[in-house]
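Here's the letter readout for the chains.
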Amino acid sequence: MNSSEFDGLVAIVTGGASGIGAAVADRLRAGGARVAVLDLNASGTSHFGVECNVADDASVRSAVESVTARFSRLDIVVNNAGIGAIGDVAANDDDEWARVLDINVVGVARVTRAALPHLRQSPSAAIVNTCSIAATAGLQQRALYSASKGAILSLTLAMAADHIREGIRINCVNPGTVDTPWVARLLSSSADPEAERAALNARQPHGRLVAAEEVAEAVAYLASPRSGSTSGTALAVDGGMQGLRLRPP
Ligand code: NAD
C-alpha cells in the first residue's frame, strides 16, 4: 500500500460504521484520506461520523453538506450502504420491494446526486459502488436482493458513461460472501451457527469467506489514480465464484 496515495483527498463512505464499509473507511484513511462515514448509526466510528439515512433525500443532502463544510472538498464517494432480503420472487410484498430498492438502488442515486457538484471540482474524482455477486450469479432465495444489486451494476455502467468526460471515474466491486456482522447475523439465526459457518466456508471456491479488508483493497484500487483509465467496470472479490459459474467444474 502507498500510504500517501490519498493524501489531501476527502472520501465519503456510506454504511461505513460496520463490515465492508468500516474496512473501506480504515483503508482509505491508511492511504492518507480524510474520511466521512455516513451511516444510520455513525456514533461509534473513529472517522468523521454523520448520521444519515440514504433513503431520505434531505438527510443525504444535509450529510454531504456537513462533509463539504468540514473539509471544503470531496473527491471519493463509496456507495456501500445496503440491506439484505431473503426469499424467492413471491416472498416479499410491494412495500418490502419498495423499501429495499429505495435503500439499495435509489440510495446510490441520491448520494451521487448530492456529491456530483463537489466531485466535478476534484482533479481525481472517483465513485465506487458496493454491488454483489448477486447481480450476476442467479443466487437462490435472493430475488429482491439480486434485483437491487443488478440495478446497481447497470446504474454503475450508466453513471460511468455519463460522467467520464467530467473526469469522474465510476466503478463497482462485486463481493462474494464476506465475513461481516451481516453474515454473522444470518449465521446466528441458524440452529448450529458454527456448523453453518464451516459449511459456508466450504462452499466458497477458495475454502473461506472473503475478508472485508480484501474488498476494501479492491475499493481502494478503484478509488485511486492507480486505476486512472478504469471506469464502468465491476471487480469481483469472490474467491473465484464468478469464474467457477462461467466454467462449471
Ligand atoms: P453490515 O450490515 O455489516 O453494514 C451495513 C452498514 O450500512 C451498517 O453500518 C448500517 O447501519 C448501514 N446502513 C444500512 N441501511 C442504511 C441506510 N438506509 N442509510 C445509511 N446507512 C445504512 O453489512 P456489510 O456486510 O458490510 O454490507 C455492506 C454492503 O456490502 C451492502 O451494500 C451489501 O449489500 C454488500 N455486500 C455484502 C456482502 C456480504 O457477504 N457481507 C456480499 C456482497 C455485497
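Everything quoted here is computed from the prediction, not taken from an experiment. (Residues numbered from 1 in each chain as written. Predicted model: local features only at pLDDT ≥ 70, side-chain atom pairs only at ≥ 80, totals over all residues.)

1. Describing the nonpolar core
The line we're drawing: Defined on buried residues, the nonpolar core groups Ala, Val, Leu, Ile, Met, Phe, Trp, Tyr and Cys residues joined through C-beta atoms within 7 Å. The exposure scheme places C-beta atoms from the backbone and then counts, for each residue, the other C-beta atoms within 10 Å of its own, assigning buried at 20 or more, exposed at 12 or fewer, and partly exposed in between. To qualify as a helix, a DSSP run of H or I must reach at least 4 residues; to qualify as a strand, a run of E must reach at least 2; elements of each kind are numbered from the N terminus. Contact definition: two residues whose C-beta atoms, as placed from backbone geometry, lie within 7 Å.
Counting 68 residues, the largest nonpolar core has Ala-11, Ile-12, Leu-28, Val-215 and Val-219 as the members making the most contacts within it. In terms of residues, this core owes the most to one element, helix H8 (residues 212-223), which gives eight residues. Not counting the four nearest positions on each side in its chain, Ile-12 is found in contact with Ala-36, Leu-38, Val-67, Leu-74, Val-77, Val-78 and Ala-115.

2. Some remarks on the sheet that holds strand S1 (residues 10-14)
Spelled out, the test is: Any two strands between which DSSP finds at least two bridges are classified as paired. Where helices are involved, their axes are fitted lines through C-alpha atoms of the stretch in contact, as for all axes, and angles between N-to-C directions lie from 0 to 180°.
Taking strand neighbours across the sheet as the criterion, the seven strands line up as S3-S2-S1-S4-S5-S6-S7 in an open arrangement whose pairing is parallel. Looking at strand neighbours, the two that pair on one side only are strand S3 (48-51) and strand S7 (234-237), the edges of this open sheet. Along the sheet, successive strands turn relative to each other by an average axial angle of 20°, direction set aside. Sheet analysis places S1 next to strand S4 (residues 76-79), joined by three bridges and oriented parallel. Bridge pairing links Ala-11 to Ile-76 in S4. Sheet strands in contact with helix H2 (residues 57-71) are S1, strand S2 (34-39) and S3, and its direction is about 155° off that of S3. In the packing of helix H5 (residues 143-163) onto the sheet, the strands contacted are strand S5 (125-130), strand S6 (168-175) and S7, and the crossing angle to S6 comes to about 165°.

3. Concerning the site of the ligand
What counts here: To decide whether a residue is near a molecule or strand, its C-beta atom is placed from the backbone and checked for lying within 6 Å of it. In this classification, the charged set is Asp, Glu, Lys and Arg, the nonpolar set is Ala, Val, Leu, Ile, Met, Phe, Trp, Tyr, Cys and Pro, and all remaining amino acids, among them Gly, are polar.
Lining the immediate environment of the ligand, one finds 28 residues, of which Gly-15, Gly-19, Gly-82, Thr-180 and Trp-182 sit closest. Listed by contribution, the elements that provide at least two residues to the shell around the ligand are helix H1 (19-30) and helix H6 (181-188). By residue class, the composition of the shell around the ligand is 14 nonpolar, 13 polar and one charged.

4. A look at the environment of Thr-130
Along the chain, Thr-130 turns up in strand S5. Each C-alpha atom, one on Thr-130 and one on Asn-171, is 9.0 Å from the other, the two residues being 41 residues apart in sequence. Not counting chain neighbours up to four residues away, the residues in contact with Thr-130 comprise Ile-20, Asn-79, Asn-80, Gly-82 and Val-173.

5. Observations regarding the environment of Glu-196
Mapping Glu-196 onto the fold places it in helix H7 (residues 193-203). Classification of Glu-196 as partly exposed rests on a count of 15 C-beta atoms within 10 Å. Distance in space between the C-alpha atoms of Glu-196 and Leu-186 is 9.7 Å, their sequence separation being ten residues. Not counting residues up to four positions away in its chain, the partners in contact with Glu-196 are Leu-187 and Ser-190.

6. Some words on the packing of H2 against helix H3 (residues 94-119)
Threshold: By the definition used in this description, the sense in which the near helix is turned from the far one sets the handedness, with an anticlockwise turn below a right angle giving left-handed and a clockwise turn giving right-handed.
Relative orientation of the contacting elements H2 and H3 amounts to 30°, with a least axis distance of 9 Å. Regarding H2 and H3, the two cross each other, and that crossing is right-handed. Residues Asp-57, Val-60, Arg-61, Val-64 and Thr-68 of H2 form the contact with H3, whose participating residues are Arg-110, Val-111, Ala-114, Ala-115 and His-118.

7. Points about the packing of H1 against H8
Under the convention used in this document: Roughly parallel covers angles under 35 degrees, roughly antiparallel covers those over 145, roughly perpendicular covers 65 to 115, and oblique covers all other angles.
Contact pair H1 / H8: the axes reach a minimum separation of 8 Å and the direction vectors enclose 50°. What the angle tells us is that H1 and H8 run oblique. In the packing of H1 onto H8, the handedness of the crossing is right-handed. In contact with Gly-19, Ile-20, Ala-23, Val-24, Arg-27 and Leu-28 of H1, H8 contributes Ala-212, Glu-213, Val-215, Ala-216, Glu-217, Val-219, Ala-220 and Ala-223. Considered class by class, the residues forming the contact of H1 with H8 number ten nonpolar, one polar and three charged.

8. A short note on the environment of Val-128
Mapped onto the elements of the fold, Val-128 is located in strand S5. Spatially, the C-alpha atoms of Val-128 and Gly-232 are 9.9 Å apart, while their sequence positions differ by 104 residues. When neighbours within four sequence positions are excluded, Val-128 is seen to be in contact with Val-78, Asn-171, Cys-172, Val-173, Val-219, Leu-222 and Ala-223.

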